[in-house]
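Close look at the chain arrangement
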Amino acid sequence: MPKLAVIGDPIEHSLSPVMFNAAFQVLGWLDWTYEKIQVKPSELKSLLPKLKSEGYIGLNVTIPHKQAMLNFFEPDTPARAIGGINAVDLRTHTGTNTDWVGLIDDLRAHSIKLKGQRILIVGAGGAARAAIYGLYQTGAHISVFNRTPERLNAVIHDFPFITPETSLNSLQNYQVILNCTPVGMYPHVDESPIPPPFRIPKSTVVYDLIYRPRQTKLMRLAAAQGCRVIGGFGMLIRQGAAAFEWWTGQPAPLEVMRMAVEKELA
Ligand SMILES: NC(=O)c1ccc[n+]([C@@H]2O[C@H](COP(=O)([O-])OP(=O)(O)OC[C@H]3O[C@@H](n4cnc5c(N)ncnc54)[C@H](OP(=O)(O)O)[C@@H]3O)[C@@H](O)[C@H]2O)c1
């Protein structure tokens, strides 16, 4: 009976069990299970071998454990470059990061032009690093803004090809703006990572990695100026699908996974 789970702290709101169990069901993999497990940072070291001995074959990893997993698993090239693991295979003792795949697949699914485009990433944490890793491979020109210098400096060190952006006053210079901060996420739905009032050209695409709510304040403010806006729902599904394929070697039933999560968020 192959067992999978997502670990994090907090974890109660995770949508991963709904997404993966729907996939197993439609494929007729009735002995596969996927649960959520609340794990505190101090419990990680002892819990990982215990889960393996109980028959777990893989884990998704979410806040606050993505970086710590580098101490316990052999990262692949993206996970090493990004500096965080969001899926581990307990059979092979390896870790990967599928956030970058989820983002780039979703941008491509929305036919967003990336090559040669100027892209502003707001935020410099784990999601921003995954975005930088993925976007670099598309031939985009990447700038990063962060409210405090520490994480921005770490990003400049690890990805020396990026251009640091010192303010949010030059939004007109960018064809795509990506929110990689949690600002605007439920329950703080009246907050925006770019404080209003601001002006963005109509031709700019605004992509907010937040998926709860589906329409963030930043998206509403940008849409009111005529911009195309996209939320992080598609990225969520596609990073899960990439993990599914990494564990199983089978194509993920993307639409079924999407519909299951859609229903849960409704
Ligand atoms: N759609 C998806 O599949 C997907 C996947 C991954 C992540 N996400 C979302 O992406 C967001 C970021 O996640 P993460 O893992 O990168 O978090 P993280 O590692 O904690 O990084 C958070 C970043 O946001 C900045 N930030 C936090 N609060 C802020 C505030 N009040 N004002 C301005 N900047 C602020 C931080 O700046 P400082 O350095 O100054 O603290 C940091 O750069 C979350 O909302 C997460 O849910 C979505």
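Since the model is a prediction, treat every value here as computed from it, not as a measurement.

Attention now goes to the site of the ligand. Around the ligand, a shell composed of 22 residues is seen, among which Ala124, Ala127, Asn146, Arg147 and Thr148 lie nearest. Measuring from an oxygen atom of the ligand, one finds a side-chain N or O atom of Arg151 at 2.9 Å. The contact in question runs from a nitrogen atom of the ligand to an N or O atom on the backbone of Gly232, over 3.0 Å. When the ligand sits alone it has 930 Å² of accessible area, and the protein chains cover 79% of it. Mapped onto the shell around the ligand, the elements with two or more residues apiece are helix 5 (126-136) and helix 8 (233-248). With three residues, helix 8 is the single largest residue contributor to the shell around the ligand. Per-class residue counts for the shell around the ligand are 11 nonpolar, eight polar and three charged.

Moving on: the domain arrangement of the chain. The assigned domain composition of the chain is domain 1 (3-97 + 239-265) and domain 2 (101-231). Computed over C-alpha atoms, the centres of domain 1 and domain 2 are 25 Å apart. Each side of the interface is counted separately: domain 1 has 11 residues, and domain 2 has 10 residues. A combined buried area of about 890 Å² lies between domain 1 and domain 2, and 61% of that area is made up of carbon and sulfur atoms. Among the residues domain 1 hides against domain 2, the three largest losses belong to Ala81, Ile82 and Leu265. Together they make up 50% of the total. Connecting domain 1 to domain 2 are one salt bridge.

Packed helices, taken two at a time, are described by the angle their axes make and the gap between the axes. For the pair helix 1 (residues 16-27) and helix 8, the least separation of the axes is 11 Å and the interaxial angle reads 55°. With respect to helix 8, the axis of helix 1 lies oblique. When the axes of helix 1 and helix 8 are compared, the crossing they make is right-handed. Side by side, helix 1 and helix 8 meet where Met19, Phe20, Ala23, Phe24 and Leu27 of the first sit next to Leu236, Ile237, Gln239, Gly240, Ala243, Phe244 and Trp247 of the second.

If you look at the biggest cluster of nonpolar residues, it comprises 31 residues, and the most contacted ones within it are Ile121, Leu135, Val144 and Leu178. Listed by contribution, the elements that provide at least two residues to this core are helix 4 (99-109), strand 7 (118-122), helix 5, strand 8 (141-145), helix 6 (149-158), strand 10 (176-179) and strand 11 (205-208). Looking at this core element by element, the count peaks at six residues for helix 5. Setting aside its immediate chain neighbours within four residues, Leu135 contacts Ile104, Leu107, Leu114, Ile119, Ile121, Ala140, Ile142 and Leu178. By size, the runner-up hydrophobic cluster in this structure holds 23 residues, among which are Ala23, Trp32, Ile237 and Val261.

Let us now look at the pairing of strand 11. Residues Val205 and Tyr207 of strand 11 are buried on one face, and the alternating residues Val206 and Asp208, pointing to the opposite face, are buried as well. Sheet topology places strand 10 next to strand 11; four bridges connect them, and they run parallel. Note on strand 11: the bridge partner recorded for Asn179 is Asp208. Alignment of strand 11 against strand 12 (residues 228-231), held across four bridges, turns out to be parallel. From the neighbouring strand, Val206 faces strand 12, where its bridge partner is Val229. The handedness of the strand 11 to strand 12 crossover, carried by helix 7 (residues 217-223), is right-handed.

Right, let's get into the side chain of Glu165. Structurally, Glu165 can be placed in the loop between strand 9 (163-164) and strand 10. Arg118 is the oppositely charged side chain nearest to the buried, salt-bridge-free Glu165, at an N-O distance of 8.9 Å. A polar atom in the side chain of Glu165 sits 2.5 Å from the side chain of Tyr174. With near-sequence residues (within four places) excluded, Glu165 lies in contact with Leu120, Ser143, Val144, Phe145, Ser170 and Tyr174.

Procedures and definitions
- Every chain begins its residue count from 1, and numbering advances along the sequence as written.
- Reporting of local features is limited, given that this is a predicted model, to residues whose pLDDT is at least 70; pairs of side-chain atoms are given and counted only at 80 or more, and all residues count toward the totals for whole chains, interfaces and linings.
- Side-chain numbers here rest on the full set of heavy atoms in the structure, without hydrogens or water.
- We call a residue near a given molecule or strand whenever any one of its heavy atoms falls within 4 Å of it.
- Pairs of N or O atoms within 3.5 Å make up the polar contacts considered here, provided that, within protein, one atom can donate a hydrogen while the other can accept it, and that residues adjacent in sequence are counted only when both atoms are side-chain atoms.
- Computed with the Shrake-Rupley method and a 1.4 Å probe, the accessible areas treat only the protein chains shown as cover for residues.
- Segments assigned H or I by DSSP are reported as helices when at least four residues long, segments assigned E as strands when at least two residues long, and all are numbered from the N terminus.
- Under the scheme applied, nonpolar residues are Ala, Val, Leu, Ile, Met, Phe, Trp, Tyr, Cys and Pro; charged residues are Asp, Glu, Lys and Arg; polar residues are all the others, including Gly.
- Domain delimitation in this document rests on an assignment produced automatically or drawn from a domain database.
- Every residue pair with non-hydrogen atoms within 4.5 Å of one another is taken to be in contact.
- Summed over both partners, the accessible surface that disappears when two parts come together, traced with a 1.4 Å probe, is what is meant by buried area.
- The salt bridge definition used is simple: a Lys or Arg side-chain nitrogen within 4 Å of an Asp or Glu carboxyl oxygen.
- Fitting a line to C-alpha atoms yields each axis, with helices limited to the stretch in contact; the angle taken between N-to-C directions then spans 0 to 180 degrees.
- Should an angle lie under 35 degrees it is considered roughly parallel, over 145 roughly antiparallel, and from 65 to 115 roughly perpendicular; all remaining angles are considered oblique.
- Here a crossing is taken to be left-handed if its near helix is turned anticlockwise relative to the far helix by less than a right angle, and right-handed if that turn runs clockwise.
- The nonpolar core is taken to be a set of buried Ala, Val, Leu, Ile, Met, Phe, Trp, Tyr and Cys residues, with the residues joined through side-chain atoms within 4.5 Å.
- Remark: exposure states derive from per-residue accessible area (1.4 Å probe, protein chains only) relative to the maximum for the residue type, with buried under 20%, exposed over 50%, and partly exposed in between.
- Strands were regarded as paired on the criterion that DSSP finds at least two bridges between them.
- When the strands point away from the viewer, a crossover counts as right-handed if the path from the first strand over the helix to the second runs clockwise.
- His is not counted, nor are the chain ends; Lys and Arg add positive charge and Asp and Glu add negative charge.

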